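Here is what each chain is made of, one letter per residue.
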Amino acid sequence: MQSTVENVSPTQAKIDLEIPFEDLKPFVDQTFKSLAKQIQVPGFRAGKVPAKLIEQRVGYEFVVENALNEAMDTFFQQAIAEHELTPIAQPQLEVAQQPTAEDREAATKATIDVTVRPQIELPDYKGLKVEIEARTAGEEEEQKALDELRGRFGTLKTVDRPAAEGDFVSLDLQALIDGEEVDAANDLSYEVGSGTMLEGMDEAVTGLSAEEDATFETKLAGGEHSGETATVKVQVTAVKERELPEADDDFAQMASEFDTIEELRADLKKQAADSVVVEQGVEARDKVLEKLVGLVEVEVPEVVIKEQIDQHFNNPNAEADHDTAEHREEVEENAKTAFRNEVILDAVADREELGVEQSELIDYIVSTSQQYGMDPNQFAQMLEGSGQAGMMVGEVRRRKALAKVLEHAEVVDSEGNEVDLTAFVTPAGAAEQGEDAEASEESEDK
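Residues numbered from 1 in each chain as written. Predicted model: local features only at pLDDT ≥ 70, side-chain atom pairs only at ≥ 80, totals over all residues. Heavy atoms only, no water.

Caption draft 1: A look at unusual backbone geometry. In the Ramachandran plot, D178 falls in the positive-phi region, its phi being about 55 degrees despite a non-glycine side chain. Residue position: D178 is located in the loop between β7 (168–177) and β8 (180–191). Of note in this structure, E353 is not a glycine but carries a positive phi near 55 degrees. Overall, E353 belongs to the exposed group, its relative accessible area being 71%. (Helix = DSSP H or I, 4+ residues; strand = E, 2+ residues; numbered from the N terminus. Buried < 20%, exposed > 50% of the residue type's maximum accessible area, 1.4 Å probe, protein only.)

Quick look at the structure:
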């Protein structure tokens, strides 16, 4: 088989194939055998019908077309391997010439139009300079972590005073649209200031005592009236404050594996310091990637954008007002950014000759499955069953590539101090990167 490629654009290629009959003949022979099992001719057992009789029944052109249907993927794969192309969409095939009854051994000539991953020129990504916010972990962060831990073991005590931020209130709700009740709930528990319920709730309940009520306007966040403006009446039935346990040795033994409060504080201090490294690493990672992407021109094929838009807006669970011009523009920009990031990081991984170990795949599966609240084994089976195992390897490889770029970057904080992110770019740190990336992507999607 002979093949030539014309690069129509950075993302479009036209492959011209000329396939000698001897290359197609094994597929023609196999087609005759297959049809012999399907066609019944008196006097012949199944699978023993001669090729001439089959040809008389269906025609030689029919046999050739079926053979080409079976063979073309093989020839296409040979061509893209020979010319080092990476298809990213279903190719379009046009056959200009093929064997016929009159010219049974004619060569097959075909053209394949295919969308391919663009080839890029990587800049020198070692030594990229970025500045991040200065962060420290002092006594304030340590105390905050301790108070959060105490809060998990706190108890609620009813108090006779107006509700303030941080209090828990028991309340009854009634939502009305045009004077008609559309929703109601009783004995709900809500932490004042958490912002986890309706917009305007915090302002409405702050300052209310038990048996007092307030009315406010808001947009409903769920149900069949989601997005509609409603009048909400809220009545506080109880105000409770959280009492925290004493920070002593008894608490340390109850809430942790440590015997003394000093040991617990020391561990919380270390956790706070580790958290600062992760926060700085995430910021530096994002800025390094942004800077690297800004140095490379990557054309994004229309088919990639269309695929992402169709996938996003054809979701049957999408809200009615989900499809807007602004949202489509946002999804399109996200698709372009993701594609550029992928192409560039794959190129970095190729240059660095990065591979993926089995243990790294396992770490990826465990950390990602936690994001979706799934059992790791079930998550792995789901990926395998949906043919996404390759995606999983590619994602791990790209994370390693980004860590490699970050490893060679010059990072300083806003106070001019050099920042050591060695701990962040280790395998454990890379896992932190992945978890944060998943959370960020979910946030953007919402």
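Structure's up, so let's keep going.
Caption draft 2: Structural detail: the sheet that holds strand β1 (residues 2–9). The 4 strands lie next to each other as β1-β2-β4-β3, forming an open sheet whose pairing is antiparallel. Only two strands of the sheet have a single partner each, and these edge strands are β1 and β3 (92–97). The average undirected angle you get between the axes of adjacent strands in this sheet is 20 degrees. The pairing of β1 with strand β2 (residues 12–19) spans 7 bridges and is classified as antiparallel. (Pairing = 2+ DSSP bridges. Axes fitted to C-alpha atoms, helices over the stretch in contact; angles between N-to-C directions.)

Caption draft 3: Molecular detail of helix α3 (residues 60–82). With 23 residues, α3 extends 31 Å between its outermost C-alpha atoms, agreeing within 8% with the 33 Å of an ideal straight helix rising 1.5 Å per residue. Taken as a whole, α3 carries its principal kink of about 40 degrees at A71. By the burial criterion, the buried members of α3 are Y60, V63, V64, A67, L68, A71, M72, F75, F76, A79 and I80. Residues of α3 that are buried sit in contact with β1, β2, α1 (21–38), α2 (51–58), β3 and β4 (108–115). In the segment just after α3, E84 is the residue with positive phi, at about 55 degrees. (Expected span 1.5 Å × (residues − 1). Bend = angle between axes of the 7 residues up to and from the residue. Contact = heavy atoms within 4.5 Å.)

Caption draft 4: Quick look at helix α4 (residues 139–152). Here α4 spans 20 Å end to end across 14 residues, near enough to the 20 Å set by a 1.5 Å rise per residue. The set of residues buried in α4 consists of E142, L146, L149, R150 and G151. In this structure, the buried side of α4 is in contact with β10 (229–243), α6 (249–255) and α7 (261–294).

Caption draft 5: Layout of the pattern of salt bridges. Tallied over the entire structure, the rule returns 27 salt bridges. Two residues, K404 and E407, come together in a salt bridge whose shortest N-O distance is 3.6 Å. Of this pair, K404 and E407 both sit in helix α12 (residues 389–407), 3 residues apart, which is roughly one turn of the helix. With a relative accessible area of 44%, E407 lands in the partly exposed category. Counted as one network, the salt bridges with shared partners bring together E133, R135, E279, E283 and K287. (Salt bridge = Lys/Arg side-chain N within 4 Å of Asp/Glu carboxyl O.)

Caption draft 6: Looking closely at the UniProt feature "domain: Trigger factor ribosome-binding bacterial" (unreviewed entry) in the protein. Cross-referencing UniProt, the feature "domain: Trigger factor ribosome-binding bacterial" (unreviewed entry) maps to residues 1–149 in the present numbering. Structurally, residues 1–149 comprises 40% helix and 23% strand, and the distance from its first C-alpha atom to its last is 69 Å. (UniProt positions renumbered as here; feature names shortened; annotations may be inferred.)

Caption draft 7: Here's a closer look at the packing of helix α8 (residues 302–313) against helix α9 (residues 325–352). At their nearest, the axes of α8 and α9 sit 9 Å apart, and the two run at 130 degrees to each other. One element, α8, and the other, α9, form an angle in the oblique class. For the pair α8 and α9, the sense of crossing is right-handed. Across the interface between the two elements, V304, I305, Q308, I309, H312 and F313 of α8 pack against H327, R328, V331, E332, A335, K336 and F339 of α9. Split by residue class, the contact of α8 with α9 holds 7 nonpolar, 3 polar and 3 charged. (Parallel < 35°, antiparallel > 145°, perpendicular 65-115°, else oblique. Left-handed = near helix turned anticlockwise from the far one by under 90°. Nonpolar A, V, L, I, M, F, W, Y, C, P; charged D, E, K, R; others polar.)

Caption draft 8: Focus on the UniProt feature "domain: PPIase FKBP-type" (unreviewed entry) in the protein. Look at the UniProt record and you will see "domain: PPIase FKBP-type" (unreviewed entry) annotated at residues 161–217. Secondary structure over residues 161–217 splits into 9% helix and 47% strand, and the C-alpha atoms at its two ends are 25 Å apart.

Caption draft 9: Spotlight on the domain arrangement of the protein. Assigned domains of the protein: these are domain 1 (2–115), domain 2 (155–243) and domain 3 (261–436). Using only C-alpha atoms to locate each centre, domain 2 and domain 3 end up separated by 38 Å. (Domains from an automatic or database assignment.)

Caption draft 10: Inspection of the side chain of N341 at higher detail. For N341, the location among the structural elements is in helix α9. Since its relative accessible area comes to 18%, N341 is described here as buried. Ignoring any residue separated from it by four or fewer positions in sequence, one finds N341 in contact with L289 and V293.

Caption draft 11: Examining the nonpolar core more closely. Formed by 37 residues in total, the largest nonpolar core has its most connected members in I120, I344 and V411. Looking at this core, the elements that each hand over two or more residues are β5 (129–132), α7, α8, α9 and α12. Setting aside anything within four residues of it in sequence, one finds V411 in contact with V130, I132, A284, L406, N417, E418, V419 and L421. (Core = buried A, V, L, I, M, F, W, Y, C linked by side-chain atoms within 4.5 Å.)

Caption draft 12: Spotlight on the side chain of R150. Locating R150 in the fold gives a position in helix α4. A distance of 3.0 Å separates the side chain of R150 from the side chain of D147, its partner in a polar contact. Setting aside anything within four residues of it in sequence, one finds R150 in contact with Q143, L244, P245, A247 and F251. (Polar contact = N/O pair within 3.5 Å; in protein donor to acceptor, adjacent residues only side chain to side chain.)

Caption draft 13: Looking closely at the environment of E302. For E302, the position within the fold is in helix α8. By relative accessible area, E302 is classed as exposed at 62%. Remark: the alpha-carbon pair of E302 and K336, spanning 34 residues in sequence, is separated by 9.6 Å.

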